[in-house]
Amino acid sequence: MELKEYQQGVLRKTDRYLAVLAEKRDDAVAIVEFQRSRGKEASLTNYPREAWDQLNNERVLPYLRDNQGNAVVAQYLSRYDGLHRSIPNVCFKVPTGGGKTLLATATIERIQADYFKRQTGFVLWVVPSDAIYKQTWKQLANREHPYRQMLERASGGRVKMLEKNDAFTRRDVEEQLCVMLLMLPSAARKSKETLRLFRDSGRFTSFFPIEDDSEANNALLNLVPNLDENDLADFGYANGVLPGVRSVKMSLGNVLRLVQPVVIIDEGHKAYSDTARDTLCGFNPRFIVELSATPNTNGKHQSNVLVNVPGRDLKDEEMIKLPINVINEDKGGWKHTLSVAHAWLDELHKEAQALQNETGRYIRPIMLVRVERTGKEQRDNAFVHAEDARQYLLEQLGAKEEEIRLKTSETDELGDDDLLVETCAVKYIITKDALREGWDCPFAYVLAILSKTTANTALTQMIGRVLRQPHAQLTNYQALDECYVYTFDQDVTEAVNGVRKGLQDEGMADLASSVKAGDSSSSQKQAAKRKTINRKNKFANLPPIFLPRVLHKDGSPAGYRALDYDRDILGELDWECFRFLQAESVNVEADEKLQRTIARIDIDKKGKEGGQTVLDLAQEERQRMPDEGLDIPFLVRQLLDVVPNPWQGMRILEETLESLRKRGVSEERIYANRLDLLQVMKQDLRQQVSEASEALFRSKLKSGEISLRLVSSNDPELNWRLAETLELDVLDTDPLLRKKNGEPLERNFFEEVYLKEFNELEKNTAWYLDDQESIYWWHRIAVNSRSYSVQGWQRQRVFPDLLACVHGTEDGKFRFSVLETKGEHLKGNDDTEYKRKLFELLTECAKTAVRAGELHLEHEQSEITFTMLLEDGWKDQIVTVC
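Residues numbered from 1 in each chain as written. Predicted model: local features only at pLDDT ≥ 70, side-chain atom pairs only at ≥ 80, totals over all residues. Heavy atoms only, no water.

## Details of the overall build of the protein chain
At step 1: Along the backbone of the protein chain there are 22 helices and 26 strands.
At step 2: Within the protein chain, the fraction of its 882 residues that count as buried is 55%.
At step 3: When contacts within the protein chain are restricted to residue pairs at least 6 apart in sequence, those whose partners lie at least 24 apart make up 74%. (Helix = DSSP H or I, 4+ residues; strand = E, 2+ residues; numbered from the N terminus. Buried < 20%, exposed > 50% of the residue type's maximum accessible area, 1.4 Å probe, protein only. Contact = heavy atoms within 4.5 Å.)

This is the structure:
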């Protein structure tokens, strides 16, 4: 499946983190080996912290808000396993609906292949609730689901899904990628003895010595001291003690401590208790990845946030419906509110039918009804019961029985219904708490809150259920691109604040102004509202203003089309020229170095007469090559990230293997080093592809095949046109005013500018531009995924922040400057460097761009420039603009 641009950014940052982490780990291991070669004891340093510090120095880590509202990089919090070893642990801060599960599966693949260099092992996937458990299991257990396919790719098609009551063997862990789902309450209670997870079981004998082999048990406990032991009183020993005799419990908890799982913690902010943290770290994990919309960023149990995805990214990618319309009914009770919500649902169905008639796209808007009671014995006149709502829908509003479903902790009438198919009849879902989390249906549009006494709580907890945009694509039907919340007899301000709190809890605090009140009371003045923003009067009569896009020649009437990265860059590279340049020099571990710890604890018994039991992790063998040899399809699939053509990937791999064989490298050594080899190959090829793509882009630009130009067409794909008006959801208290005196800005192109659109550097830049006499007008153009963007030789498009119209050197002449701002903490990273080079190239290109006479950039504009402003010297850089 194709990842969104922000998801690709998350994985790029993850790749960088893993590369630095592997480097620091290898350095730490080398130091330990050196010290031991000198006969000295040594242990690994805290290399995860060292990796984090390096990323901080590289300005890769995100800025977060502290308790005082300041933007800071949070201090790293080290975590240690039951053997006092530091655990690499990071958190992805991703809003609800942002694809946390997708990012987790993609990250598992990278951790396995790029960091641990293995296809097998154990993943412990921890979820906080039954609802999320069922949803995640349904996705990962389905071999056709994209998430499961990512796991299959990571393991070479050897995934074994497990629940906590399933039996499995050591061989399963050695030969497959075992993924176990576990509910957090199953492992995080204070009394572990009451949990089946920690009880002795006869299902895991392959991991343990037998109970009465005291020598093997003692050896295992000396090696892994945090294993739970049996009470010897259960075996008949007085007082439960016998000198020199110990027995390890054959429990799932102990198995986890032995296999050292990669731990995925979904909704990681719910695992901050001491018991939860101690238990999960006590499983001796080799890696922890938290997923959370609202991680704790300070205090005892903070999360190490590696990536921070704002709600705006989801909005820009059309993944959520905004604005949120809060409609409060002052008159009438819950029945009137349900009637009004039902009437609006009917209107949405009419809009959906019109959309289908026009485009063939199917949407069936659904209403969620939140009631106060659902239990069979709880129905009375004092509270709104689920059956009351059902009865009113059927008898008074004309709903059909098959259109209504009840979803509670006791009754699940939804079952396995696929709500997205056209044959599904469901239009109304009645619930109290069962849809708070772990339930996502993009057809849910209307939330009717019929529980007056707990309305604010319900708003906060359920708002995320109606946010997802069907098919992650706007419909361009306004009613179908927004969502709706109905309440009754509520204070509008409190209702709006409840929805904002809900957005904050879903990780989208930056979208708080997208809440719009539909109530006519005076409180509406404090709520967000849709507002039409016009151009300032002095700019109202300017001719249409266009910006050029990066175009590619074709045979259409216009002669050009928008540049397509896959078609025009990747598709035209000479893939036959690519090969693994280091094939003849790459280091491949010698046979004698293939004996070392990688995955499992092994107990090598030499027999009753063979002497002492040997238990030494430091001498465990790597996995033996299977009889069928190398898994070539798996290796080729790993190269597809860099070489999208599998036939070319196969050629490059075969050439590499042939070169290694000519060097005398055995098949066993190739197999043992296959994942290390893949990583080096991908780094080598990625660099070649990047350089070749840039060279092709520059060559086409020079020849005119690619051009930055305006064409004689109003097609938005070919020419970007500055809007005549803006439609914004704004707060009256949020205007951006002059910094010195609080007066309205003078040179902004539109009548009003709002704080919510600007980060700190953008605000400072806007204020500076507004003070410059040479600036005719300026405008912030980065709004959403349909904003002005330029395509270069890398896949991700660049969305500039600001547009400035500048007085030229001659009277009546103007020029445009497109500005991209970057914080100091991003200076020098690959993304910033790419944008800088692209902007310099586009500026040169714009000097010779041919312009169509009927289109105007601005009057008699003579040039356009693209400029990157870095925080430490942006005023000096902007001098060239002004």
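Here the narrative resumes, following the displayed structure.
## Notes on the environment of Asp-801
At step 1: Mapping Asp-801 onto the fold places it in the loop between β23 (775–780) and β24 (802–807).
At step 2: Since its relative accessible area comes to 8%, Asp-801 is described here as buried.
At step 3: Sequence separation between Asp-801 and Ile-781 is 20 residues, and the spatial gap between their C-alpha atoms is 5.7 Å.
At step 4: Residues within four places of Asp-801 in sequence aside, it is in contact with Glu-762, His-779, Arg-780, Ile-781, Ala-782, Leu-819, Glu-820 and Thr-821.

## Comments concerning helix α19 (residues 674–703)
Each turn of an α-helix holds 3.6 residues, which means side chains three or four residues apart point in the same direction.
At step 1: Here α19 spans 42 Å end to end across 30 residues, near enough to the 44 Å set by a 1.5 Å rise per residue.
At step 2: Where α19 terminates, the next one or two residues include Gly-704, which has phi positive at roughly 95°. (Expected span 1.5 Å × (residues − 1).)

## Focus: the sheet that holds β24
At step 1: Pairing within the open sheet is mixed, and its four strands lie in the order β23-β24-β25-β26. Where the open sheet ends on each side, the last strands, each with one partner, are β23 and β26 (863–870). This sheet shows a mean twist of 20° between the axes of neighbouring strands, independent of strand direction.
At step 2: As paired elements, β24 and strand β25 (residues 814–822) share six bridges and run antiparallel to each other. Each residue of the ladder has a partner; that of Ala-804, found in β25, is Ser-817. (Pairing = 2+ DSSP bridges. Axes fitted to C-alpha atoms, helices over the stretch in contact; angles between N-to-C directions.)

## Details of the sheet that holds strand β11 (residues 366–370)
At step 1: In space, the seven strands of this open sheet follow the order β12-β13-β11-β14-β15-β10-β16, with parallel pairing throughout. Every interior strand has two partners, whereas the edge strands, β12 (404–407) and β16 (515–517), have only one. Neighbour-to-neighbour, the strand axes of the sheet open up by a mean angle of 20°, direction not taken into account.
At step 2: Pairing of strand β10 (residues 324–329) with β16 involves three bridges; the strand directions are parallel. Each residue of the ladder has a partner; that of Asn-325, found in β16, is Lys-516.
At step 3: Strands in contact with helix α12 (residues 386–395) are β11, β12 and β13 (428–431); relative to β12, the strand with the most contacts, it is inclined by about 175°.

## Let's talk about the confidence of the model for the protein chain
At step 1: Averaged over all residues, the pLDDT of the protein chain equals 82, while 83% of them reach at least 70.
At step 2: Low pLDDT, under 50, characterises residues 850–861; the stretch is placed with 44 contacts to residues that sit more than four places away or in other chains. (pLDDT = per-residue confidence, 0-100.)

## Focus on a negative patch on the surface
At step 1: A surface patch of like charges, here negative, comprises Glu-23, Asp-27, Glu-50 and Asp-53.
At step 2: Secondary structure elements with two or more residues in the negative patch: α1 (5–37) and α2 (47–57).
At step 3: Residue Glu-50 is classed as partly exposed on the basis of its relative accessible area, which comes to 32%. (Patch = residues over 30% accessible without salt bridge, like charges linked within 9 Å, V, L, I, M, F, W, Y side chains within 5 Å. Areas by Shrake-Rupley, 256 points an atom, 1.4 Å probe, with all protein chains shown as cover. Salt bridge = Lys/Arg side-chain N within 4 Å of Asp/Glu carboxyl O. Lys, Arg positive; Asp, Glu negative; His and termini not counted. Charge placed at Lys NZ, Arg CZ, Asp CG, Glu CD.)

## Details of the environment of Val-126
At step 1: Examined against the element boundaries, Val-126 turns out to sit in strand β4 (residues 121–127).
At step 2: Taking the C-alpha atoms as reference points, Val-126 and Val-263, 137 residues apart in sequence, are found 7.3 Å from one another.
At step 3: Excluding residues that lie within four positions of it along the chain, Val-126 makes contacts with Leu-182, Leu-184, Val-263, Ile-264, Ile-265, Asp-266 and Leu-280.

## Thoughts on unusual backbone geometry
At step 1: Here Leu-322 and Pro-323 are connected by a cis peptide whose omega angle stands at 5°.
At step 2: Examined against the element boundaries, Pro-323 turns out to sit in the loop between α10 (311–316) and β10.
At step 3: One non-glycine residue, Glu-267, adopts positive backbone phi at about 50°.
At step 4: Looking at where Glu-267 falls in the secondary structure, it is placed in the loop between β7 (262–266) and α9 (274–282).
At step 5: Residue class for Glu-267 comes out buried when judged on its relative accessible area of 14%.
At step 6: Residue Asn-284 is not a glycine yet carries a positive backbone phi of 55°.
At step 7: Note on placement: Asn-284 falls in the loop between α9 and β8 (287–292).

## Comments concerning the packing of aromatic side chains
At step 1: According to the stated counting rule, one finds 22 aromatic pairs in the structure shown.
At step 2: Between Tyr-17 and Phe-287, the ring centres sit 6.4 Å apart and the planes meet at 85°, which makes this aromatic pair edge-to-face. One end of the pair, Tyr-17, is in helix α1; the other, Phe-287, is in strand β8, and 270 residues separate them in sequence. No difference in accessibility class separates Tyr-17 from Phe-287, as the two residues are buried. (Phe/Tyr/Trp six-rings, centres within 6.5 Å; stacked < 30°, edge-to-face > 60°.)

## Structural notes on the pattern of salt bridges
At step 1: Applying the stated criterion across every chain, the model contains 42 salt bridges.
At step 2: Between Lys-835 and Glu-820 there is a salt bridge; the shortest N-O distance is 3.3 Å. With a gap of 15 residues between them, Lys-835 in helix α21 (residues 830–847) and Glu-820 in strand β25 connect regions that are remote in the sequence.
At step 3: Connected through salt bridges with shared partners, the residues Glu-387, Arg-390, Glu-401 and Glu-413 form a single ionic network.

## Here's the deal with the nonpolar core
At step 1: Core analysis: the biggest nonpolar cluster contains 119 residues, and Phe-92, Phe-287 and Met-367 have the highest contact counts within it.
At step 2: In terms of residue count, α1 provides more of this core than any other element does, nine residues in total.
At step 3: Contact partners of Phe-287, with chain neighbours within four places excluded, come to Tyr-17, Leu-18, Leu-21, Ile-87, Pro-88, Val-90, Ile-111, Tyr-115, Phe-116, Pro-261, Val-262 and Val-263.
At step 4: In this structure, Phe-634, Val-689, Trp-777 and Phe-816 belong to the second largest nonpolar core, which totals 68 residues. (Core = buried A, V, L, I, M, F, W, Y, C linked by side-chain atoms within 4.5 Å.)

## Some details on helix α8 (residues 252–259)
At step 1: With eight of eight residues buried, α8 lies mostly within the body of the structure.
At step 2: Regarding α8, the residues found buried are Leu-252, Gly-253, Asn-254, Val-255, Leu-256, Arg-257, Leu-258 and Val-259.
At step 3: On its buried face, α8 is in contact with β4, α6 (170–175), β6 (177–183), α7 (214–223) and α9.
At step 4: Phi for Gln-260, located one or two positions after α8, is positive at around 50°.

## Quick look at the pairing of β25
At step 1: Judged by how many residues are buried, β25 sits mostly within the fold: nine of nine residues are covered.
At step 2: Covered by surrounding structure in β25 are Phe-814, Phe-816, Val-818, Glu-820 and Lys-822 together with Arg-815, Ser-817, Leu-819 and Thr-821, the residues of both alternating faces.
At step 3: The pairing of β25 with β26 spans eight bridges and is classified as parallel. When the bridges of β26 are listed, Phe-816 appears paired with Ile-864.

## A closer look at the side chain of Lys-24
At step 1: Inspection of the secondary structure puts Lys-24 in helix α1.
At step 2: Among buried Asp, Glu, Lys and Arg side chains, Lys-24 stands out as unpaired, with Glu-23 the closest opposite charge at 5.2 Å.
At step 3: Beyond its immediate chain neighbours, meaning those up to four positions away, Lys-24 contacts Tyr-47, Glu-50, Ala-51 and Gln-54.

## Looking at the environment of Gly-268
At step 1: Within the secondary structure, Gly-268 is located in the loop between β7 and α9.
At step 2: C-alpha separation for the pair Gly-268 and Leu-291, spaced 23 residues apart in sequence, amounts to 5.5 Å.
At step 3: Contact partners of Gly-268, with chain neighbours within four places excluded, come to Arg-277, Glu-290, Leu-291 and Ser-292.

## Description of the packing of α1 against α2
At step 1: Following both chains from N to C, one finds α1 and α2 inclined at 135°, their axes separated by 8 Å at the closest point. For the element pair α1 / α2, the angle class is oblique. α1 and α2 meet at a crossing whose hand is right-handed. Within the contact between the two elements, α1 uses Arg-16, Tyr-17, Val-20, Leu-21, Lys-24, Arg-25 and Ala-28 and α2 uses Tyr-47, Pro-48, Glu-50, Ala-51, Trp-52, Gln-54 and Leu-55.
At step 2: The residue makeup of the contact of α1 with α2, split by class, is nine nonpolar, one polar and four charged. (Parallel < 35°, antiparallel > 145°, perpendicular 65-115°, else oblique. Left-handed = near helix turned anticlockwise from the far one by under 90°. Nonpolar A, V, L, I, M, F, W, Y, C, P; charged D, E, K, R; others polar.)

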